[in-house]
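# Residue-level structural notes
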Amino acid sequence: MRRFVIRILLFATLVACFDYGIGVSLSQIRKMNKGGDVQRLANIMNNIDDSVIIMGSSRAVHHYVPNIIKKELGVSCYNCGFEGQGIIMHYAVWKELTKRYYPKILIYDVEAMFDLSNEFDNHRYLSRLKPFYKSNPSIDSVFWSVDYKEKWKMLARTYQYNSNFMDILAGWIHPIHIDKDNGYIPLEGAFNVEPVTISTNLNIQIDSLKLKYFKMLLQEASNKTVIIFVISPYYDCTGDGSKYESLRTLCQEYGCLFIDYSQDKDFNGKKGLFIHNDHLNDIGSKLYTTKIVKRIKNSINE
Amino acid sequence: MIYNSFNFILLFPLLFCFYYLIPAKRLKWRNGYLLLVSYLLYANWKPAYALILLGVTLVTYLFARWIDDEKRSLKIVVGGALLTLLPLLIFKYYNFINDSIFDLLSKVGLRFRLPGLNWAIPMGISFFTFQSLGYMLDVYHQRIRAERDFLSYALFVSFFPSIVAGPINKANLVIPQLKALRPYFDYGKAVTGLKMLLWGMFMKVVVADRVALYVDTVFSSYMNYTGVTCFVASLLYTIQIYADFAGYSLMALGVGKTLGFELTENFRRPYFSISITDFWHRWHISLSTWLKDYVYIPLGGSRCSKIRNYWNIFVTFLVSGVWHGANWTFIVWGCIHGVLQIIEKIFGLQQLKSTSCPVRIGRILITFLLVNFAWIFFRMPTLDDSFRILGRILTIDGGFSIYMAGMRDSFFMVFGLFLLFFKDTVDEFFPAKKTIMENKHTALRWFGYLFIITIIMLTGVFDAGQFIYANF
């Protein structure tokens, strides 16, 4: 038994040293990244200073064209959307970003699955943030709010780079600049899937943590930044919008705009404008951005 | 106990240390401690359901003693079996039976349905019910005497490494280990146990959960993907279910070993099988042994006419399908395996021996594809979905394009699959050769462990995945 305990302790020490070494190496490589998803997030949190920013899931990334917004509003714009992400991740990004400045306008594209529903495990929204734990301390509390055990898990420096280390290595060896359109990633092609009708009726359980983060965002920023929540178009959508009622109520409380284009007839059923049931293609995105920015312009003028 | 959880990583060293603080000669204290831990861990999930576990334990303990005293009374064993199976029938099959009868009666215009149950299924109920039922039947068949020591028996049923998802242990394997004076600490077993834990964790979080991301994406909206993509997803599901279940079983065996116990081997590289019969000697070995001993042989086994033998095989696999889940898809899956085995028996295929490498590889591939085809029914929620996916695969619907996961996910998948395939190939075809984790040089072994730990930390999927078989 004594031999076993000694060997276990020795091995644990070796693991800790190895873990530290890998963690430090990957941290340095991350700082040298010139492209890729991890670099893009670092750029958003540490560098951008655009007057208009867009946040949300893949529907944000693929639906809002910063160049059109810049042309119409006369101010710079950056698309901070990330695929499969929601308010938990974006709130952390917002906290970091607003340590430096407050954008004039935040357009938040709401997707119920990621922003309101409790269907998915919230750990998924921490995966992109892991490489920035400790180096961007204001996001740490977001980790602990999802799972207090993250405090202990994140002591393992290798775990900080779980699933991200390939992006970090690729961003160093062969950087791909995926945000050359100021964060916008166009989807090219025609509608190529079975049509599915999306419902906006309340058919989800609301996640209280996500709602809490929306409230915190509004509390902190609604008197510094014009915050606009938008539901961008779907290919086919029906329902009474009750899915978003809790967020709509918050918007009313804080005097923010909530715009629902989910059932907009200019887009619904038009295969030429969509590539999937829930993603506009580049043509559709440009048309949609033009429409939404006009609406925003009118609202600001009012 | 979910082995890929952070709670387990924190808790297990503590459990291990407290166990070995108890002197080896205090056997009852050690067993009492393990029993307490087993029940606390079970109750941690849902306290009330620990009563179900206790109830099944008490029923089988008392009935086994009664059977032992009354010398093989059939009425007592049937009564005991029914009482033992009752919680399983209610929790797992009530809604299915209710819905199926309703669907049947609806076809003749009658609309009658009993109130449904909205109760969660007690974790591991299929496993501990079969384990304790097997014990009672062994007593009835006089293979073992009834256990008089309730502490030992209760620990056998509730033993925490294997209660959630097996293996289904035999009483004559585990109870003697519980009652025998064990050495204070077995260094070799503990190290082997930790290696099994490590490799099982790799199989689960690096291979199974990573592959699951692709499989779930495709199968959740298969109509949006080509038939070729659906086929690729089915192949990956075949790997996923193996890595998930075998990985868990390996971890369960590993935990048992670190505590000094040998549990039932459950998997032996099943996708290198050369026939469906061979597959069931390698896949979920504890269940197929249970079905052979308590269903197939009592029905007559192969000591009867050929037709009767084929019927016995069919019924055994029908029971297997029913055991796996309360859905027609599992029943069809079980029947497919039964029918394939019958076909093998009719043509004598399972007895064909060939040392020719191409023939062997051919047989492995064919068996793999047949098993893969059956897994589609196991995976999909309804028969309709299963047939639609098969239709898309067989008609190569949508062309030859394959949905590709992102570069990162694809790399992680391929890398994990390669390591798993490499190790299984070495273990199967070159058993004399040692992998790096069995190397005689400590430095190389430790490098191997470090490498696997690093791979787990960097590429493992930790976002609260659950074992597939923990839902049984």
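The present account deals with the structure reproduced in this document. Position numbers for residues count from 1 along each chain, tracking the sequence in the order it is written. All chains are assigned letters beginning with A, and all ligands numbers beginning with 1, in the order in which they are written. Local features in this predicted model are restricted to residues whose pLDDT is 70 or higher, and side-chain atom pairs enter the listing and the counts only when it is 80 or higher, whereas totals over whole chains, interfaces and linings include all residues. For side-chain calculations, the full set of non-hydrogen atoms in the structure is used, while hydrogens and water are omitted.

## Regarding the overall build of chain B
For the record, the criterion: Strands here mean DSSP runs of E at least two residues long; helices mean DSSP runs of H or I at least four residues long; both are numbered from the N terminus. Two things to know: the radius of gyration comes from C-alpha atoms, and the globule rule equals 2.2 Å times the number of residues to the power 0.38. To sort residues, take the accessible area from a 1.4 Å probe on protein chains only and compare it with the maximum for the residue type: under 20% means buried, over 50% means exposed, and anything in between is partly exposed. Contacts: residue pairs with any heavy atoms within 4.5 Å of one another. Residue exposure ignores everything except the shown protein chains as possible cover, and the areas themselves are Shrake-Rupley values with a 1.4 Å probe. His is not counted here, nor are the chain ends, while Lys and Arg score as positive and Asp and Glu score as negative. The atoms used to mark charge sites are NZ of Lys, CZ of Arg, CG of Asp and CD of Glu.
If you tally the helices and strands in chain B, you get 18 helices and 0 strands. A compact globule built from 472 residues would reach a C-alpha radius of gyration of about 23 Å, and chain B, at 23 Å, matches this within 12%. Its C-alpha atoms give chain B principal-axis dimensions of roughly 70 × 65 × 45 Å. Burial status across chain B gives 56% buried among its 472 residues. In chain B, once contacts between residues fewer than 6 apart in sequence are set aside, the share between residues at least 24 apart is 76%. Here chain B displays about 21100 Å² of accessible surface, and carbon together with sulfur accounts for 69% of that area. Across chain B, the 44 positively charged side chains and the 26 negatively charged ones have centroids separated by 6 Å.

## Quick word on the packing of helix H5 (residues 125–140) of chain B against helix H12 (residues 285–299) of chain B
Residues and elements named next belong to chain B. Quick reminder of the rule: The axes are straight lines fitted to the C-alpha atoms, using for helices just the contacting stretch, and the angles between their N-to-C directions are given from 0 to 180°. Helix crossings get a hand from a simple test, with the near helix turned counterclockwise from the far one by less than a right angle marking a left-handed crossing and a clockwise turn marking a right-handed one. Gly is placed with the polar residues, together with every amino acid not listed as nonpolar (Ala, Val, Leu, Ile, Met, Phe, Trp, Tyr, Cys and Pro) or charged (Asp, Glu, Lys and Arg).
H12 packs onto H5 with a crossing angle of 35° between their chain directions and a minimal axis gap of 11 Å. Of the two possible hands of crossing, H5 and H12 adopt the one that is left-handed. Between H5, through Phe-130, Gln-131, Leu-133, Gly-134, Leu-137 and Asp-138, and H12, the contact on the second element is made entirely by Leu-287, Trp-290 and Tyr-294. Taken together, the residues of the contact of H5 with H12 break down into 6 nonpolar, 2 polar and 1 charged.

## As for the environment of B:Phe185
Relative to the elements of secondary structure, B:Phe185 occurs in the loop between helix H8 (171–179) and helix H9 (187–220). When the C-alpha positions of B:Phe185 and B:Phe18 are compared, they lie 13 Å apart, and in sequence the two are 167 residues distant. The contacts of B:Phe185, once residues within four sequence positions are left out, are A:Met1, A:Phe4, B:Phe16, B:Tyr20 and B:Ala190.

## Description of the interface of chain B and chain A
Here is the rule: Here the buried area means the combined drop in accessible surface, using a 1.4 Å probe, for two parts upon being joined, counting both sides. By salt bridge we mean one thing: a side-chain nitrogen of Lys or Arg within 4 Å of a carboxyl oxygen of Asp or Glu. Think of a polar contact as two N or O atoms within 3.5 Å of one another; within protein, one of them needs to be a possible hydrogen donor and the other a possible acceptor, and neighboring residues in sequence only count if both atoms come from side chains.
Contacts between chain B and chain A engage 31 residues on the former and 30 residues on the latter. When chain B packs against chain A, the two sides together hide about 2800 Å² of surface, and 74% of this comes from carbon and sulfur. Joining chain B to chain A, the criterion identifies 0 salt bridges. At the boundary of chain B and chain A, one finds 4 residue pairs in polar contact (both at pLDDT 80 or more). If you list the elements that add at least two residues to the side of chain B that touches chain A, you get helix H1 (6–21), H9, helix H17 (407–429) and helix H18 (442–459) of chain B.

## Remarks on the environment of B:Asp68
Residue and element names in this part refer to chain B. Note on placement: Asp-68 falls in helix H3 (residues 49–70). In this structure Asp-68 comes out as buried when scored by relative accessible area, which is 8%. Once the C-alpha coordinates of Asp-68 and Ile-9 are considered, the two residues, 59 residues apart in sequence, prove to be 42 Å apart. If near-sequence neighbours (up to four positions away) are discounted, Asp-68 is found in contact with Val-139, Arg-145, Ala-146 and Arg-148. Separated by 3.4 Å, the side chains of Asp-68 and Arg-148 make a polar contact.

## A short note on a nonpolar patch on the surface
Residues and elements named next belong to chain B. Filter applied, for reference: Patch membership needs two things, relative accessible area over 30% and no salt bridge, and members are linked within 9 Å if like-charged or within 5 Å if nonpolar (Val, Leu, Ile, Met, Phe, Trp, Tyr).
Where nonpolar side chains cluster on the molecular surface, the patch consists of Val-339, Ile-343, Ile-346, Phe-347, Leu-349 and Leu-352 and spans about 540 Å² of accessible area. Secondary-structure assignment places Ile-343 in helix H14 (residues 328–347). A relative accessible area of 37% means that Ile-343 is categorised as partly exposed.

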